[in-house]
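Structure at a glance
Here's the letter readout for the chains.
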Amino acid sequence: MGELRLMKGNEAIAEAAIRAGCDAYFGYPITPQSEIMEYLAAEQTHKRTGMVFLQAESEIAAINMVYGAAGTGKKVMTSSSSPGISLKQEGISYIAGAELPCLIVNVVRGGPGLGTIQPSQADYFQATKGGGHGDYHLLVLAPASVQEMADFVRLGFELAFKYRNPTMILSDGMIGQMMEKVELFDAQPRAKEFDQSWVITGTPPDRKKNVITSLDLDPADMERHNLVLLEKYRRMQKEEVRYEEIECEDAEYFFVAFGSSARICQKAVSIARGEGIKAGLIRPITLFPFPTGVISERAGQAKGMLTVELNTGQMVEDVRLAVNGKIKVAFHGRMGGMLPSPDELVNALKEKIIES
Amino acid sequence: MEAKDIIKEENLVYSKTKLLTDKVLTYCPGCGHGVVHRMIMEVIEEMDIRQDVIGISPVGCSVFAYDFMDIDMAEAAHGRAPAVATGIKRCWPDKYVFTYQGDGDLAAIGTAETIHACNRGENITIIFINNGIYGMTGGQMAPTTLKGMQTSTTPFGREVELMGNPLMMTELVAQLPGTWFVTRQAVHKAVNVRRTKKAIRKAFESQKLKKGLSFIEVVSNCNSGWKMKPVDSNKWMEENMFPFYSLGDIKVDGELVQK
C-alpha cells in the first residue's frame, strides 16, 4: 500500500506531479488553484527531484514556457483556473498543433468573465471541444475525488506521451479545495532518455535537425497534418474511454454526471433507491474521448436520463448525441458556485423524467 | 580560363556555412535578415556547438528561420519567444538558447515576455531585428516606427500624440539587472556585419558564464515595407534610424556603458 495522507485536492496534484517524475512546472497564481504552486515551492522541488518550478509573469508566458520545455521531451505541466485557462488557449492550440505532450490542470471556477472563485463545471465545452483556435482536442480527465486528483496526474502524463498530445485535468474549486484521504503512488524517477525523433535538444551528428512548429502554409500539407491529428483523436476514442458505472445493472433511470456533480449524484442514487426508484449513475472519467458507447447502450434499458452539471447545460449535449433520441434526456444544473443537494437531484429526476 | 579552372581548393576565399540550408530564402532582396542568419550560423559553426544549440523563431518575416538554419528550433507564438526560450533553458541550463525576433514580435505583443525574461536574467540570447515596421503583414506601424514615418497604418506619418512614441526597447532592457550584455548593431556594411558577428559571439560565450541575458538589437532596413530601393533604404536608415537608434554597446559585462 502506498503512503496515506490527508490532503487538499490541489496539494495532491502537486505531490503527484513530483512523484510522477515531472521535470518542470510553470504557472501563475489564481484562485482556487494557487495551492498547487505554493506546495511545489514549499517542497523545493529543485532539491527534491531536480524539478524546475517557475512562477511566470502571466498565464500566457507560463503556457509558452510549457511549449518550449515540452519540445525538449521533458515532462512539463501548468495549472490554472478558468480565466487563466482562457489566457492559455493560444498556447494550448500551438501545443496541440505541434503535437507536444504536457499536462494542464484547470481547477474550474464560475464564469463568464471574472465570474466567481466558487466551484463550477462551466469550462466543459472549452476543455472538450478544443478551446483555442483550429481543429484539435485535448485528452480530458475529470477527477471526482482527491485520490483521482493524484492518480490522474500520472495517468495524464502517460496519455500525453502516448499520443504526444496535451492532457487536461478538468477539476473544480470543490475538489481542489476539499481534503480527503489519498493513497500516494511511489515516486518514479525523472526520465533521462528522450525520443530523438522529435525533441529539440541541440542537433547531434547522428540525426537531422528537429523543429517544433504548427505552421504549414502549403494547403495539402496542412490538410494532411489535420488528418494525422484526426486519426489520433479517433484512436483515443477507440482506446482511451474511461467511465464509472454505479448501480447501473438493473437501473431504469440514470444520472449522468462528472467530477464533483457525480459525487452528489451518487448520494442521490442511494436516496432514490431507498424510495424504490431504480436509479443508477454513469460517470464519464474521460470527457474527451467521451464515453458515448456506454451511454448509448444504457439508453436501451433506460426510461430516461438526467444530466447534472454545475453549469447551464454543456455535457448534456454529448449525452443527447449518444442517446440519439431513444429516450428522454433532461438537464439539471446549478451555477455561480451553488451546489445541488442530493434531495434536489432526486426531485429533479422525478419532475423532469419520471413524472413528465 | 574556364570556371572549372578557377573552382579549386586553393582559390577558396569564402564559403557558406554548412549550418545554413540550401532552401531559397523567403526574404526580399536587400533585406538584412539573411545576413544576420548567416552571422548566427557562422558563430555556431565556429564555436562547434550545433549539438547544444536550440533556436526560437518568431511570428513575422523570420517565422521560417527554422527552414534556413540547420539546427534544432522551435517556432513560437507571436511575441512569446522569450517565454519559450525560458522553458527550454530552465530544462537544459547547459544548452545555448537564442530567440530571433522582429520589432512587432518583441516590442509590441511580446513586451511582457521580453521584459520579464530580461529581468529574471535568463541565460539566453535575444536577437532583435528592428526595421521599424511590420514587414510580413504588409508594412504597418510597429512600436519602433519613427516619429513622422509613413506606414500603411500611418499613411500620413506617425503622429506621436495619437500613436505614441517609438519604443526604445534596448535602452529599456539595459536598465534591468538581469541583462548582462546589451548592444545595438547593423548589417548594411561590411564593418557593421563584422561587429554584429562579434556581438553574437560574445552573447553566446556569455551564456556559459550564466550571468544573465544578452540582448542584441540589429537595426535593419525593410526596403519593401519602406517602399524604397535597397540602396536607398540603407541610406534612409543611416539618415533617419541611426540618429534615433544609435549604434554601439549599451551594457557590457553587466555595466552600463558611459557615453
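See above for the structure.
The sections below set out a description of the structure shown in this document. (Residues numbered from 1 in each chain as written. Chains lettered and ligands numbered in written order. Predicted model: local features only at pLDDT ≥ 70, side-chain atom pairs only at ≥ 80, totals over all residues.)

**Quick word on the overall build of chain B**
To be explicit about the condition: Going along the chain from the N terminus, every DSSP run of H or I of four or more residues is numbered as a helix, and every run of E of two or more is numbered as a strand. Radius of gyration: C-alpha atoms only; globule rule: 2.2 Å multiplied by the number of residues to the exponent 0.38. With C-beta atoms placed from the backbone, a residue counts as buried when 20 or more other C-beta atoms lie within 10 Å of its own, as exposed when 12 or fewer do, and as partly exposed for counts between those limits. Once C-beta atoms are placed from the backbone, any two residues with those atoms within 7 Å are in contact.
Helix and strand counts for chain B come out as 11 helices and 10 strands. Over its C-alpha atoms chain B spans a radius of gyration of 18 Å, differing by no more than 12% from the 18 Å that the globule rule assigns to 259 residues. C-alpha extents for chain B along the principal axes are approximately 60 × 45 × 35 Å. The proportion of buried residues among the 259 residues of chain B is 52%. Taking the intrachain contacts of chain B between residues at least 6 apart in sequence as the baseline, contacts between residues at least 24 apart amount to 67%.

**A closer look at the interface of chain B and chain A**
Rules: All amino acids are sorted into three groups, where Ala, Val, Leu, Ile, Met, Phe, Trp, Tyr, Cys and Pro are nonpolar, Asp, Glu, Lys and Arg are charged, and the leftover types, Gly among them, are polar.
If you look at the interface, chain B gives 29 residues, while chain A gives 33 residues. Broken down by element, the residue count for the side of chain B that touches chain A peaks at 8 residues, all from helix α4 (residues 81-91) of chain B. Here the side of chain B that touches chain A is built from residues that sort into 16 nonpolar, 4 polar and 9 charged.

**Observations concerning the packing of helix α4 (residues 59-71) of chain A against helix α5 (residues 82-97) of chain A**
Residues and elements named next belong to chain A. Condition: Fitted lines through C-alpha atoms give the axes, limited to the stretch in contact for helices. The angle between two N-to-C directions lies from 0 to 180 degrees. Oblique is the label for any angle not covered by the other classes, which are roughly parallel (under 35 degrees), roughly antiparallel (over 145) and roughly perpendicular (65 to 115). In this scheme the crossing of two helices becomes right-handed for a clockwise turn of the near helix relative to the far one and left-handed for an anticlockwise turn of less than a right angle.
The interhelical angle for the contact between α4 and α5, taken along N-to-C directions, is 25°, at an axis separation of 8 Å. Between α4 and α5, the crossing angle belongs to the class labelled roughly parallel. Crossing hand, α4 versus α5: right-handed. Where α4 approaches α5, its residues Glu-59, Ile-60, Ile-63, Asn-64, Val-66, Tyr-67 and Ala-70 are matched on the opposing element by Gly-84, Leu-87, Lys-88, Gly-91, Ile-92, Tyr-94 and Ile-95. Looking at side-chain class alone, the contact of α4 with α5 contains 9 nonpolar, 3 polar and 2 charged residues.

**Description of the sheet that holds strand β7 (residues 166-172) of chain A**
Residues and elements named next belong to chain A. Using the following cut-off: By the convention used here, strands pair only if DSSP detects at least 2 bridges between them.
Reading across from one edge, β3-β2-β4-β5-β7-β6-β13 is the order of the 7 strands in this open sheet, with mixed pairing throughout. Two strands in the sheet have a free side with no partner beyond their single neighbour: β3 (52-55) and β13 (286-288). Strand-to-strand, the axes of this sheet are offset by a mean angle of 20°, without reference to chain direction. Summarising the sheet, strand β2 (residues 24-27) and β3 pair through 4 bridges and their orientation is parallel. By the bridge assignment, Phe-26 is partnered in β3 with Leu-54.

Honestly, it's all geometry; don't read function into it.
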